[in-house]
Each structure stands twice: as C-alpha cells, then as structure tokens.
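The primary structure of each chain is shown beneath.
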Amino acid sequence: MFGDFMGMMGKLKETQEKVKQTKERLNTVLIDEESSDGLLKITITANRELKSIAIDDSLLKDKEQLEDYLVLTLNKAIEQATKVNETELAAVAKEGMPNIPGMDSLFK
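Presented here is an overview of the structure given in this document. Fair warning: this is a prediction, and the values are worked out from it, not measured in the lab. Residue numbering note: each chain is counted from 1, following its sequence as written. Residue-level local features of this predicted model are given only where pLDDT is at least 70; pairs of side-chain atoms are given and counted only at 80 or more, and the full residue set underlies all totals for whole chains, interfaces and linings. Side-chain numbers here rest on the full set of heavy atoms in the structure, without hydrogens or water.

1. Quick look at the overall build of the protein
In step 1: Scanning the protein for helices and strands turns up 2 helices and 3 strands.
In step 2: The buried label goes to any residue with under 20% of its type's maximum accessible area, the exposed label to any with over 50%, and the partly exposed label to all in between, with areas taken from a 1.4 Å probe on protein chains only. By residue count, 21% of the 108 residues in the protein fall in the buried class.
In step 3: The contact criterion used is simple: two residues touch if any of their non-hydrogen atoms lie within 4.5 Å. A separation of at least 24 residues holds for 50% of the contacts in the protein among residues at least 6 apart in sequence.
In step 4: For the protein, the accessible surface area stands at approximately 7,800 Å², while carbon and sulfur atoms represent 56% of it. Counting from the N terminus, the helices are the DSSP runs of H or I reaching at least four residues and the strands are the DSSP runs of E reaching at least two. Under the convention used here, a 1.4 Å probe and the Shrake-Rupley method define accessible areas, while residue burial counts only the protein chains that appear.

What follows is the structure, given as structure tokens:
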C-alpha cells in the first residue's frame, strides 16, 4: 500500500514539475490577433502577457473608437491565449494523474 502511495506522490511531484515547465514554455508561445480591418494588431503570450500593440495612425484621431478596438481585440487575444493555455496544462495534468478508478472521466 505504501509503495503505491509513494509512487503516486512521486508521479504528482513529477507532474508539478511538468506543469511548471509548461507554464514557462507558454511564455514563448505567441498569439497574434488583429481587428477585422487590420488597423490594430496585438501580440500576447499563451500566459496572457501583452507583448506588443501596433495601432494604425488613423485610429489615433478618435479616442472612443481606439478604446473600442482595444477592448474587442484584446478580448479576442485573451480568449485565444486562454484556450491554448488551458489545453496545454490540461494535457500535462491528465498525463500525470495517477490511475485512480473513476477519476479518468474528469479529464474527458
């Protein structure tokens, strides 16, 4: 019994390290998003850290329009980054879970 428990603890520790490595790797995965007309371009990491914003000069003339563009485009970028982030971390977590009867249905 203790051998199984120690094996599970070792596997959980290994999984924690893989999750940490995956989070670090996601800092290098870039998500590019742009407005439908291409006037605003945003790049963020899969960990949702903003890397760059490119604003067309025409948007600088209308503050409200620029704010709308920023909100819409940032939200799209964050949504994409969140999907990538959750998919990657779920895969690592599923791979590292010990084989406990009934738990496998949680990760489908």
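2. A closer look at the pairing of strand β2 (residues 40–45)
In step 1: Most of β2 sits inside the fold, with 5 of its 6 residues counted as buried.
In step 2: Strand pairing follows a simple DSSP-based rule, namely that at least 2 bridges must link the two strands. Here strand β1 (residues 30–34) pairs with β2 via 5 bridges, running antiparallel. Along β2, the bridge assignment pairs Asp32 with Thr43.
In step 3: Taking the residues that link successive antiparallel strands as the turn, the β2-strand β3 (residues 50–55) hairpin has 4 residues, and the phi of Arg48 there is positive, at about 65°.

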